[in-house]
Amino acid sequence: MKPVESLRRRATPVLEWALPYWTRGKAGRETPEDLFRLLYLGWLVAFSFKVLGASWDVSWHFKWLRDDLAPPHLLNSVGTAIALALTIIHIYTGYGVDKLAQRLITWGTGIFLTAVPLDLINHRINGLDITSWSPSHLMLYIGTFFMVCGVIRGWFVRAVPGRMRTLVLGGLFVFLFENVWFPAQHQEYGVYGIAAWDRGAPEAEPILIQFAAEQIGLPVNDRAVALHFALPVPDQLYPLYAAMAAVMVAVYARAMIGRMFSATAVVGAYIVFRALIWPLLAAADFPRSAIPIFLVAGALAVDLAFLIRMPVVRALVGSLGATLLIDQVLRFQHATFMAPPLVPPATMLIGGAGLAVLWLAAEWSFSRHTLRAQDREALVSATATP
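From a predicted model like this one, the values you see are computed outputs, not experimental measurements.

**Student:** I keep staring at the overall build of the chain and nothing clicks. Help me out?
**Tutor:** If you tally the helices and strands in the chain, you get 15 helices and zero strands. Burial statistics for the chain: of 386 residues in total, 49% are counted as buried. Partitioning the contacts of the chain with sequence separation of at least 6, the portion at a separation of at least 24 is 76%. As displayed, the chain has an accessible area near 18,400 Å², and 70% of this comes from carbon and sulfur atoms.

**Student:** So what exactly am I meant to see when it comes to the nonpolar core here?
**Tutor:** The tendency in soluble globular proteins is for nonpolar side chains to be buried side by side. In this structure, Trp43, Phe173, Phe177, Trp181, Val251 and Trp359 are the most contacted members of the largest nonpolar core, which totals 99 residues. It is helix α10 (residues 237–257) that provides the largest number of residues to this core, a total of 14 residues. Discounting residues that sit within four places of it in the chain, phenylalanine 173 has contacts with Ile152, Val249, Tyr252, Ala253, Met256, Ile257 and Val266.

**Student:** Help me understand the environment of leucine 38, please; the structure alone is not making it clear to me.
**Tutor:** Here leucine 38 is to be found in helix α2 (residues 33–61). According to the relative accessible area criterion, leucine 38 is partly exposed, its value standing at 42%. Sequence separation between leucine 38 and glycine 96 is 58 residues, and the spatial gap between their C-alpha atoms is 9.8 Å.

**Student:** Looking at this structure, how should I read the packing of α10 against helix α14 (residues 345–368)?
**Tutor:** Axes are the key here: two packed helices are described by the angle between their axes and the distance separating the axes. One way to put it is that α10 packs onto α14 with a least axis distance of 9 Å and a crossing angle of 25°. Viewed along their axes, α10 and α14 adopt a mutual orientation that is roughly parallel. Pair α10 / α14 crosses with right-handed handedness. Residues Pro239, Leu240, Ala243, Met244, Val247, Met248, Val251, Tyr252 and Ala255 of α10 form the contact with α14, whose participating residues are Thr347, Met348, Ile350, Gly351, Gly354, Leu355, Leu358, Trp359, Ala362, Ser365 and Phe366. The residue makeup of the contact of α10 with α14, split by class, is 16 nonpolar, four polar and no charged.

**Student:** Just checking my understanding: could you explain the layout of surface pockets for this structure?
**Tutor:** A probe as big as a water molecule, rolled over the atoms, marks out the empty space that is left. Roughly 670 Å³ of volume is contained in the second largest pocket. Taken together, 25 residues form the lining of the second largest pocket, with Phe145, Phe146, Cys149, Leu176 and Tyr252 sitting closest to its centre. Looking at the lining of the second largest pocket, the elements that each hand over two or more residues are α4 (99–126), α5 (135–158), α6 (163–181) and α10. In terms of residues, the lining of the second largest pocket owes the most to one element, α5, which gives eight residues.

**Student:** Before we go on, may I ask you to explain the environment of isoleucine 194 in this structure?
**Tutor:** Structurally, isoleucine 194 is set in helix α7 (residues 185–198). Along the primary structure isoleucine 194 and arginine 223 are separated by 29 residues, whereas in three dimensions their C-alpha atoms are 8.5 Å apart.

**Student:** Mind showing me how you'd approach unusual backbone geometry here?
**Tutor:** With the exception of glycine, the majority of residues adopt a negative phi angle, and the majority of peptide bonds are in the trans configuration. Positive phi, close to 70°, is recorded for phenylalanine 261, a residue that is not glycine. By secondary structure assignment, the location of phenylalanine 261 is in the loop between α10 and α11 (262–283).

**Student:** Honestly, α11 in this entry has me stumped. Any pointers?
**Tutor:** The α-helix winds at 3.6 residues per turn, so residues separated by three or four positions along the chain end up facing the same way. Its 22 residues give α11 an end-to-end C-alpha distance of 32 Å, which sits within 8% of 32 Å, the value for a rise of 1.5 Å per residue. Looking at α11, one finds that the buried residues are Ser262, Ala263, Thr264, Val266, Val267, Gly268, Tyr270, Ile271, Arg274, Ile277 and Leu281. Among the structural elements, α2, α6, α7, α10 and α12 (295–305) are those in contact with the buried residues of α11. Trailing α11 by a residue or two, aspartate 285 shows a phi angle of about 65°, which is positive.

Basis of the calculations
Residues numbered from 1 in each chain as written. Predicted model: local features only at pLDDT ≥ 70, side-chain atom pairs only at ≥ 80, totals over all residues. Heavy atoms only, no water. Helix = DSSP H or I, 4+ residues; strand = E, 2+ residues; numbered from the N terminus. Buried < 20%, exposed > 50% of the residue type's maximum accessible area, 1.4 Å probe, protein only. Contact = heavy atoms within 4.5 Å. Areas by Shrake-Rupley, 256 points an atom, 1.4 Å probe, with all protein chains shown as cover. Core = buried A, V, L, I, M, F, W, Y, C linked by side-chain atoms within 4.5 Å. Axes fitted to C-alpha atoms, helices over the stretch in contact; angles between N-to-C directions. Parallel < 35°, antiparallel > 145°, perpendicular 65-115°, else oblique. Left-handed = near helix turned anticlockwise from the far one by under 90°. Nonpolar A, V, L, I, M, F, W, Y, C, P; charged D, E, K, R; others polar. 1 Å grid on protein atoms, 1.4 Å probe; cavity = no way out; pocket = protein on both sides within 12 Å on 5 of 7 lines; lining within 4 Å. Points joined across faces, edges and corners; volume = space filled by probe spheres on them. Expected span 1.5 Å × (residues − 1).

Here you go:
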């Protein structure tokens, strides 16, 4: 049988199953269970490609001069293409999402697609983009953030309570955590890059070092070139971002998954992933990075805080505990392994205060939008009862 005929025979039953669903509808329409699972399996595949490509991309850019068609970019683009197709399906058919989830996915995809050409233009005009924290890069993260939040919302609202619902929700929060923490990897790769420079064995290729030196007008052998490339943002940003942004993802994960130690499991899964790709990158002669093991301590503090039933007390005690644990374990990791530069303890007071405000706002949103797992399951049970 010819390949074209074989492909046609395999595609025919798939099209016969899918085409009846291709009808215009509003968000929130009743979705058949098999279609619902397929849509969210597609999202898991899309995010998996994006994470694999993004993880390789950071290491790639600490070694080679930027290339639009670099393998990590192509791998990431596969995930983007799948996500775009799923977004179109949700918008046109209304299947698998409520109005809020549809809006989040639509806006997230729109911001991401807008950021792509802006980032390309930025590189054409300014050359090498020194930091992960540039405006065009931040737009990519923000777009992905809204996209993943929309998918989490869609699954959270519609999925039937049970083990599968919990596992998929946990996986989606791992993807969300990876995206939120992504820009902070610059500092984690940066400390290894500076250490390699000080040993006289830079991990970056000479063409990258030359480009970075010309961009800031310094000789290639000047350590300031390495510092400008590897650690271009204030040292305070890393621990403050950990105390506020990373912990807040853990807070929402614990509330929405609704299982003890779910926040620790989400952050721990991310750390395991980073630990697994570390030797793979090293074996392929790509730059390595510090692994933020200390974040598990912050997630554990979140899980323990949820034993407190009073929301305000939980937020205040949890913020204090998470900030203290992150600060102390980060210092321990810095002293025993490798971690970005330390900052004065007073810096973490700002992080703790910011986290308390954000956590209190989150507690309000849990009730306002029915985001606690127990509340959602009770609502589903009530509406399902004749």
